[in-house]
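Listed below, chain by chain, are the residues.
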Amino acid sequence: MSDDLRIYPHREREVSATTRDLSAELNPEQLAAATHGDGPLLIIAGAGTGKTRTLVYRVAHLIDRGVAPEHILLLTFTRRAAAEMLGRAERIAGSATSKVHGGTFHGTGHRLLRQFGKHAGLAEQFSIMDQGDAVDLMGIARASLGVGKKDKRFPKKETLHWLYSTHVNTGKPIEDILHEGAPRFLDNTQDIVRVFAEYVSRKQERTLLDYDDLLLCWALMLEHSPDLASKIAAKYDHVLVDEYQDTNELQSRILHGMCRSHKNITVVGDDAQSIYSFRGATQRNILDFPKHFPGTTMVTLEQNYRSTQPILDLTNSVISRSPDRYTKNLWTDRSGGERPWLVTVKDEHEQTRFVVDRILELHEEGIPLGEIAVLFRAGYMSADLEIELVKRNIPFEKWGGLKFLEAAHVKDVIAFLRVIDNPRDEVSWYRVLMLMPGVGDTTARAIMNTMAERSWDPDALTHWTAPPRARDAHKALSQLLRRLRGLARADAPAPEHNVATEIDVIRQLYDNLLRDKYDRPEPRLADLDQLRVIASGFPSRNAFLSTIALEPPQSTQDLAEGSSDEDDDAVVLSTAHSAKGKEWDVTFVIWAVDGWFPMARATEDPDELEEERRLMYVAMTRARNHLAVTYPINVYSTRRGADYSIDQMSRFLHHDARALMQRVVVESPDDVVRPDPAAVDKPPVDLMALLRGRFRSGEPGESTT
Ligand code: ATP
Ligand code: MG
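Small disclaimer: the values here were computed from a predicted structure and weren't measured.

1. Description of the overall build of the protein chain
Then step 1. Scanning the protein chain from terminus to terminus reveals 28 helices and 15 strands.
Then step 2. Considering only contacts in the protein chain between residues 6 or more positions apart, those separated by 24 or more positions represent 77%.
Then step 3. Here the protein chain displays about 33,700 Å² of accessible surface, and carbon together with sulfur accounts for 51% of that area.

2. Points about the packing of aromatic side chains
Then step 1. Evaluation of the coordinates by the stated rule reveals twelve aromatic pairs.
Then step 2. A ring pair is formed by tryptophan 399 and tryptophan 584, whose centres lie 5.8 Å apart and whose planes are at 50°; its orientation type is tilted. On the criterion of sequence distance, the pair formed by tryptophan 399 in strand β11 (residues 396-399) and tryptophan 584 in strand β13 (residues 584-589) is long-range, its members being 185 residues apart. Each member of the pair tryptophan 399 and tryptophan 584 is classed as buried.
Then step 3. Taken together, the aromatic side chains of Phe77, Tyr276 and Phe278 make up a single cluster linked through ring pairs.
Then step 4. We note arginine 80 situated over the ring of tryptophan 399; from NZ or CZ to the ring centre the distance is 4.5 Å.
Then step 5. Sitting over the ring of phenylalanine 126, arginine 114 keeps its end group 3.8 Å from the ring centre.

3. Brief notes about the pattern of salt bridges
Then step 1. In the structure shown here, the tally under the stated rule is 44 salt bridges.
Then step 2. With its nearest N and O atoms 3.0 Å apart, the salt bridge here joins glutamate 84 to lysine 582. Placement of the pair is glutamate 84 in helix α4 (residues 79-93) and lysine 582 in the loop between β12 (571-575) and β13, with a sequence separation of 498 residues.
Then step 3. Exposure remark for glutamate 84: the relative accessible area of 35% places this residue in the partly exposed category.

4. Here's the deal with the site of ligand 1
Then step 1. Around ligand 1 sit 19 residues, and of these Lys51, Thr52, Gln273, Glu583 and Arg622 come closest.
Then step 2. Note that an oxygen atom of ligand 1 is positioned 2.8 Å from one of the backbone N or O atoms of arginine 53.
Then step 3. Measuring from an oxygen atom of ligand 1, one finds a side-chain N or O atom of arginine 306 at 2.9 Å.
Then step 4. Alone, ligand 1 offers 640 Å² of accessible surface; in the complex the protein occludes 84% of this.
Then step 5. The element best represented in the shell around ligand 1 is helix α3 (residues 51-64), accounting for three residues.
Then step 6. When grouped by side-chain class, the residues that make up the shell around ligand 1 number three nonpolar, nine polar and seven charged.

5. Structural notes on helix α26 (residues 606-620)
Then step 1. Here α26 contains 15 residues, and its C-alpha end-to-end distance of 21 Å stays within 8% of the 21 Å for a straight helix at 1.5 Å per residue.
Then step 2. Counted residue by residue, α26 has twelve buried out of 15 residues, so it is predominantly covered.
Then step 3. Leu609, Glu610, Glu611, Glu612, Arg613, Arg614, Leu615, Met616, Tyr617, Val618, Ala619 and Met620 are the residues of α26 that are buried.
Then step 4. On its buried side, α26 packs onto α15 (309-320), β10 (372-376), β13 and β14 (623-632).
Then step 5. Between the side-chain oxygen at the start of α26 and the backbone nitrogen of aspartate 607 there is a gap of 2.8 Å, and the oxygen is on aspartate 605.

6. A look at the sheet that holds strand β7 (residues 265-269)
Then step 1. With respect to topology, six strands assemble into an open sheet ordered β3-β2-β6-β7-β1-β8, the strand pairing being parallel. At either margin of the open sheet sits one strand with a lone partner, and together these are β3 (101-103) and β8 (297-301). On average, each strand axis in the sheet is inclined to that of its neighbour by 10°, with strand direction left out of account.
Then step 2. Sheet topology note: the strand β2 (residues 72-75)/strand β6 (residues 238-241) ladder contains four bridges and is parallel. From the neighbouring strand, leucine 74 faces β6, where its bridge partner is leucine 240.
Then step 3. In the packing of α3 onto the sheet, contacts are made with β1 (41-45), β2, β6, β7 and β8, and the angle to β6 comes to roughly 165°.
Then step 4. Along the sheet face, helix α5 (residues 105-116) touches β2, β3 and β6 and points at about 140° away from the line of β2.

7. Observations concerning the environment of leucine 573
Then step 1. Mapped onto the fold, leucine 573 is located in strand β12.
Then step 2. With 15 residues separating them along the chain, leucine 573 and phenylalanine 588 place their C-alpha atoms 9.5 Å apart.
Then step 3. Contacts of leucine 573, omitting those with residues within four sequence positions, involve Val374, Phe376, Ser382, Leu385, Glu386, Leu389, Phe396, Glu397, Lys398 and Trp399.

8. So, the sheet that holds strand β9 (residues 341-345)
Then step 1. Pairing within the open sheet is parallel, and its seven strands lie in the order β11-β12-β10-β13-β14-β9-β15. What marks the edges here is a single partner per strand, and that holds for β11 and β15 (662-665). Strand-to-strand twist across the sheet, computed as the mean angle between neighbouring axes with direction ignored, equals 20°.
Then step 2. Pairing analysis gives five bridges linking β9 to β14, with the strands arranged parallel. Each bridged residue has a counterpart across the sheet, and for tryptophan 341 the counterpart in β14 is alanine 628.

9. Side note on a nonpolar patch on the surface
Then step 1. A surface patch of nonpolar side chains, about 240 Å² in accessible area, is lined by Leu287, Met298 and Tyr326.
Then step 2. Within the element layout of this structure, methionine 298 appears in strand β8.
Then step 3. The class of methionine 298 is partly exposed, set by a relative accessible area of 41%.

10. What to know about the side chain of asparagine 304
Then step 1. Assignment of secondary structure puts asparagine 304 in the loop between β8 and α15.
Then step 2. If we skip the residues at most four places from it in the chain, asparagine 304 touches Ala47, Gly48, Thr49, Leu312, Leu330, Trp331 and Thr332.

11. Things to note about unusual backbone geometry
Then step 1. Residue proline 598 is bonded to the preceding phenylalanine 597 through a cis peptide linkage, with omega at 10°.
Then step 2. Checked against the element boundaries, proline 598 lands in the loop between β13 and α26.
Then step 3. One non-glycine residue, glutamate 243, lies in positive phi territory at about 55°.
Then step 4. Checked against the element boundaries, glutamate 243 lands in the loop between β6 and α12 (249-258).
Then step 5. At serine 455, a residue that is not glycine, the phi angle is positive and equals roughly 50°.
Then step 6. By the element assignment, serine 455 lies in the loop between α20 (441-453) and α21 (471-488).

12. So, the side chain of aspartate 210
Then step 1. Checked against the element boundaries, aspartate 210 lands in the loop between β5 (208-209) and α10 (211-224).
Then step 2. In terms of polar contacts, aspartate 210 uses its side chain to reach the side chain of tyrosine 199, at 2.7 Å.
Then step 3. Here lysine 203 takes part through its side chain, which lies 3.0 Å from a polar atom of the side chain of aspartate 210.
Then step 4. Apart from residues lying up to four places away in sequence, aspartate 210 is in contact with Met129, Ala134, Tyr164, Tyr199 and Lys203.

Conventions used here
Residues numbered from 1 in each chain as written. Chains lettered and ligands numbered in written order. Predicted model: local features only at pLDDT ≥ 70, side-chain atom pairs only at ≥ 80, totals over all residues. Heavy atoms only, no water. Helix = DSSP H or I, 4+ residues; strand = E, 2+ residues; numbered from the N terminus. Contact = heavy atoms within 4.5 Å. Areas by Shrake-Rupley, 256 points an atom, 1.4 Å probe, with all protein chains shown as cover. Phe/Tyr/Trp six-rings, centres within 6.5 Å; stacked < 30°, edge-to-face > 60°. Buried < 20%, exposed > 50% of the residue type's maximum accessible area, 1.4 Å probe, protein only. Lys NZ or Arg CZ within 6 Å of the ring centre and 35° of its normal. Salt bridge = Lys/Arg side-chain N within 4 Å of Asp/Glu carboxyl O. Near = heavy atom within 4 Å. Polar contact = N/O pair within 3.5 Å; in protein donor to acceptor, adjacent residues only side chain to side chain. Nonpolar A, V, L, I, M, F, W, Y, C, P; charged D, E, K, R; others polar. Expected span 1.5 Å × (residues − 1). Pairing = 2+ DSSP bridges. Axes fitted to C-alpha atoms, helices over the stretch in contact; angles between N-to-C directions. Patch = residues over 30% accessible without salt bridge, like charges linked within 9 Å, V, L, I, M, F, W, Y side chains within 5 Å.

So far we have only geometry, and geometry alone does not tell us how the molecule works.
Below, the structure is given as structure tokens:
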């Protein structure tokens, strides 16, 4: 008998086109779009009209038509969205769908750069910096030029990074961006440009790419080498893009390059939902599409399939105040249903109380927790709610806001992995060095200079002579790095365990640093356990680092093996931005207070205010059957910065909009008759007061009694 492993092949899942009647699943306009032949196609339509659904059917139709699935590229806003859409397409068109390339622009750029970058002078083993690292490197570049030292008005590293990124993504000259966004720095333009030049050359010396480079290099390959451009473009015969209203100029350039020869491009979007202009997205992309792609077939959709009529009436009314809107008012045949609730609550606690009580009530009526979402303007606005949900044992997931990988201790461990992966990664070196006892900013920079002089030779660190206070730390770190490099060699333990093993080794040093730094290190240590589990699922350190830099998971559950999204029934708490494209049976929009939603800083700029309005529209249009908006009357101004104190209802709920809502007030526990505190018998002895009085004058101490 032989030991040969027998491989049982999957059977191709054939779904016969003739058994499917697309016209039963799509309306005539959707059907026309899904079965459109070749050439540019634009679907511009409001929320919930089936844009995403049409795109799914179009992918299925193309496969049916005989287009090779691996020659179809589906670009979406998150990796999760692409996976969901392709999952649905697979149910229609069969298993061939799994060969379709789906993902974000950044993810696709990354893949193409790994494949073609070496023909364009890119180092083969580049690493990707996340946003935070890019900001830090900008800081390093700024410091190395010594600009802004005397002149305190020079932009900070965050501002520099924003400026740089906006410039790359929009193609606008730096002076124009400064003029609009930060005119006080106009005088510094020359020095700013020098910092950018330094930033770029530091990235190159250290073989680092930032997020923007993933798009920029992709565009440049398409634009500067006809030979490379035709090779890259030839990979795909059809390109489809969801949420096109949130793409920027650079992404539009990329699409041009990708579709230069065949023009088989389908984009869908809604200008009334454009919410990323702060990242350089421009509504012009969608409005000018027919100009950029002559011969465009345009499809508009006006029937909404998501929400009940009373919800649509409200959302139509909210967005009707938006000037220059292209998409029209929506209608639905989903009549019936209750009017959206406008719930006035006393304060944050009452808001939390209401939301949780109502969630439980709806859940008891049979609505799964996963069909309920609570949306808010910014990540921190759900803090009180999160605490209450934990207390009451209600499972929830949080989207947007602080992410697992942004936690300092997780980033610390990743920095160790990064310096092993790329010894020139200055940003990670800085982070690692600053962790060590006795090493401050000056010392860290001195060490990095020594290493740079030795061309980042992995052993360079050992050649640095440590001052006495840093000697132990230096020794420990040198030993740790030597061990890690040993693990990475070919004769090391089984390669599939390398990253996890490396994390174990790092933690032998790092856990103690963590224990010294925090009084309660346990939850942080648990995060690191989780990181190890996640890392062990990756084939190599480089694959792990690239993935997490590129697509930061929203939560720990996100990365855990066999992502448990489907079987976990959990309420979703999400920022309005992260809720884009999704839908739930029940949606709460909390903090409908002026200064919170819209955010205070947006109220001064008409364009920003319009973007906030569209964001409110996005939030409200997520609801299928129940929508409740809550408005706390008393807001603690400390949370919001000192200068804003009027607690008025969100201006987006104007008079006409409110008329379409059901007013609700919460029965306040204060209405319940409570015993008069004065009537409660005073205890004969007040022990607490006595204890306090012991160390204070003016309060009775124990000796006075
Ligand atoms: P958004 O602007 O929020 O991204 P969208 O236009 O992409 O919305 P979809 O998410 O595709 O809209 O569709 C909204 C809901 O309506 C989904 O549940 C979808 O399955 C349903 N739907 C769309 N078209 C039809 C149809 N013709 N028949 C039945 N249901 C439909
Ligand atoms: Mg959609």
